[in-house]
Amino acid sequence: MAKTKRGRILWSLPARGRGTCPICSRTRIKLLYPRAKSDGTSIKVCKRCIHAPQSKVDEHAI
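The structure reproduced in this document is the subject of the present report. Keep in mind the model is a prediction, meaning the values are calculated, not measured.

As a further point, take the overall build of the protein chain. Summing up its helical and strand segments, the protein chain has one helix and four strands in all. Mapped from its N terminus to its C terminus, the protein chain presents α and β elements in the order β-β-β-β-α. Taken over the C-alpha trace, the protein chain has a radius of gyration of 13 Å; the compact-globule value for 62 residues is 11 Å, which it surpasses by more than 25%. With respect to the three principal axes, the spread of C-alpha positions in the protein chain is 45 × 20 × 20 Å. Residue burial in the protein chain is summarised as follows: out of 62 residues, 27% are buried. Only carbon and sulfur atoms are counted for the fraction: they give 55% of the accessible area of the protein chain, which is about 5000 Å².

So, in structure tokens, the structure goes:
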């Protein structure tokens, strides 16, 4: 059976969940993973940057 609802939530997100990653600066990539900066604010990052060191998240995040 086909899984018709897989990824359907992305259609309701702005720009289909895509943007520029604040850590690695890749453009038009899915930003689906939340990372917390040391001051407590949350940012969305790409799949590659989920496991980035905390220092890099604080340094490059907008």
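Turning our attention to the environment of Lys-56. Tracing the backbone shows Lys-56 in helix H1 (residues 54–60). Relative accessible area serves as the criterion here: at 39%, Lys-56 is assigned to the partly exposed category. As for Lys-56 and Lys-37, which are separated by 19 residues in sequence, their C-alpha atoms are 9.6 Å apart.

Our focus in this paragraph is a positive patch on the surface. Among the surface-exposed residues, Arg-18, Arg-28, Lys-30 and Lys-47 lie close enough to one another that they form a single positively charged patch. Relative to the helices and strands, Lys-30 is located in strand S2 (residues 29–30).

Before going further, it helps to spend a moment on unusual backbone geometry. Phi angles above zero are rare outside glycine, and Arg-16 is one such case at about 60°. By secondary structure assignment, the location of Arg-16 is in the segment before strand S1 (18–19). On the accessibility criterion, Arg-16 (41% relative accessible area) is partly exposed. In the Ramachandran plot, Ser-25 falls in the positive-phi region, its phi being about 60° despite a non-glycine side chain. As for its placement among the helices and strands, Ser-25 is situated in the loop between S1 and S2.

Here we come to the nonpolar core. Cys-21, Ile-23, Ile-29, Leu-31, Ile-43, Val-45, Cys-46, Cys-49, Ala-52 and Val-57 form the largest nonpolar core, which has ten residues in total. Aside from chain neighbours lying at most four places away, what touches Cys-21 is Arg-26, Ile-29, Leu-31, Val-45, Cys-46 and Cys-49.

Calculation notes
Residues numbered from 1 in each chain as written. Predicted model: local features only at pLDDT ≥ 70, side-chain atom pairs only at ≥ 80, totals over all residues. Heavy atoms only, no water. Helix = DSSP H or I, 4+ residues; strand = E, 2+ residues; numbered from the N terminus. Rg over C-alpha atoms; globule rule 2.2 N^0.38 Å. Buried < 20%, exposed > 50% of the residue type's maximum accessible area, 1.4 Å probe, protein only. Areas by Shrake-Rupley, 256 points an atom, 1.4 Å probe, with all protein chains shown as cover. Patch = residues over 30% accessible without salt bridge, like charges linked within 9 Å, V, L, I, M, F, W, Y side chains within 5 Å. Salt bridge = Lys/Arg side-chain N within 4 Å of Asp/Glu carboxyl O. Lys, Arg positive; Asp, Glu negative; His and termini not counted. Charge placed at Lys NZ, Arg CZ, Asp CG, Glu CD. Core = buried A, V, L, I, M, F, W, Y, C linked by side-chain atoms within 4.5 Å. Contact = heavy atoms within 4.5 Å.

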